[in-house]
Amino acid sequence: MFNQQPVSQGPADDLTTAARIRDAAIEVFGEHGFQVGVRTIAAAAGVSPGLVNHHFGSKDGLRVACDDRVLQLIRDEKVKAITAPSVAKGMLNALAEIESYGPLVGYMVRSLQAGGPMAKSLLDHMVSDAEGYLEQGVEAGTVKPSRDPAARARYLMLLNVGATLLYMQMRQRHGEKIDYRKAVRELTEELTAPALEFYTQGLLTDPTILDTFTKEN
């Protein structure tokens, strides 16, 4: 499971319990969707339903904590990879542990498929985080500067998240569960090489196209 880090303030034992509930909820939500009840989450965490409500107030409160945790884990790993002295080594290290992202991807997919304000909030925070860690890459000299950092971050996030959603949707069979750990590994192996070619070598041979478009818009 994920590294246990507290999500609320209080005695140490309470913090450990809250983290255990939150991490179990990420996996349960990713596997079953957000229609699942508090009792199922409590059972997965080995606690009573009342304890879930004690720590998070409601299922929506628990979902907010799950969002925060997922965003934190993704952000931390991206920063570590993109600012490493050797980006290639940082990326290889991340790829070696890619299955551990399975529950995070499952949670993200379920959230965005569900739609609504919380899904929009999650995506907006992912875009904002992407802008932040890309800027850290620029400062570290591993990422090229952008004319519009916010727009670039949004485009890349929509591109990557959209591809992930489509890939997982195509794997979904009626009544069957997706093994997100396996699916993330297969998606990564299929797309990493062409993605790296695109990011490092570009696509179009005429560099004036962007200037022309910018002037006309």
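Residues numbered from 1 in each chain as written. Predicted model: local features only at pLDDT ≥ 70, side-chain atom pairs only at ≥ 80, totals over all residues. Heavy atoms only, no water.

Draft legend 1. Geometry of the overall build of the protein chain. Of regular secondary structure, the protein chain possesses ten helices and zero strands. Counted from the first residue to the last, the protein chain has its helices and strands arranged as α-α-α-α-α-α-α-α-α-α. Counting across all 217 residues of the protein chain, residues that qualify as buried make up 35%. Within the protein chain, contacts between residues separated by at least 24 positions form 64% of all contacts whose residues are at least 6 apart in sequence. Summed over its atoms, the accessible surface of the protein chain is roughly 12,900 Å², and 56% of this surface lies on carbon and sulfur atoms. (Helix = DSSP H or I, 4+ residues; strand = E, 2+ residues; numbered from the N terminus. Buried < 20%, exposed > 50% of the residue type's maximum accessible area, 1.4 Å probe, protein only. Contact = heavy atoms within 4.5 Å. Areas by Shrake-Rupley, 256 points an atom, 1.4 Å probe, with all protein chains shown as cover.)

Draft legend 2. Structural detail: the packing of aromatic side chains. According to the stated counting rule, one finds four aromatic pairs in the structure shown. Where phenylalanine 29 meets phenylalanine 34, the ring centres are 4.8 Å apart and the plane angle is 35°; that geometry is what we call tilted. Here phenylalanine 29 falls in the buried class, since its relative accessible area comes to 0%. Among the aromatic residues, those joined into a cluster by ring pairs are Phe29, Phe34 and Tyr107. (Phe/Tyr/Trp six-rings, centres within 6.5 Å; stacked < 30°, edge-to-face > 60°.)

Draft legend 3. Fine view of the environment of arginine 69. Secondary-structure assignment places arginine 69 in helix H4 (residues 59-82). Sequence spacing of arginine 69 and aspartate 23 is 46 residues, and the spatial spacing of their C-alpha atoms is 8.3 Å.

Draft legend 4. View of the nonpolar core. With 52 residues, the main nonpolar core has Ile21, Phe29, Ile41, Val52, Leu62, Met157 and Met168 as its most contacted residues. Mapped by element, the contributors of at least two residues to this core are helix H1 (12-32), helix H2 (38-45), helix H3 (49-56), H4, helix H6 (102-114), helix H7 (116-140), helix H8 (149-171) and helix H9 (180-201). (Core = buried A, V, L, I, M, F, W, Y, C linked by side-chain atoms within 4.5 Å.)

Draft legend 5. Molecular detail of H8. Counted at 1.5 Å a residue, the expected span for H8 with its 23 residues is 33 Å, and the 33 Å between its end C-alpha atoms agrees. Residues of H8 that are buried include every one of Ala153, Leu156, Met157, Val161, Thr164, Tyr167 and Met168, and no others. Looking at the buried residues of H8, the elements they touch are H6, H7 and H9. (Expected span 1.5 Å × (residues − 1).)

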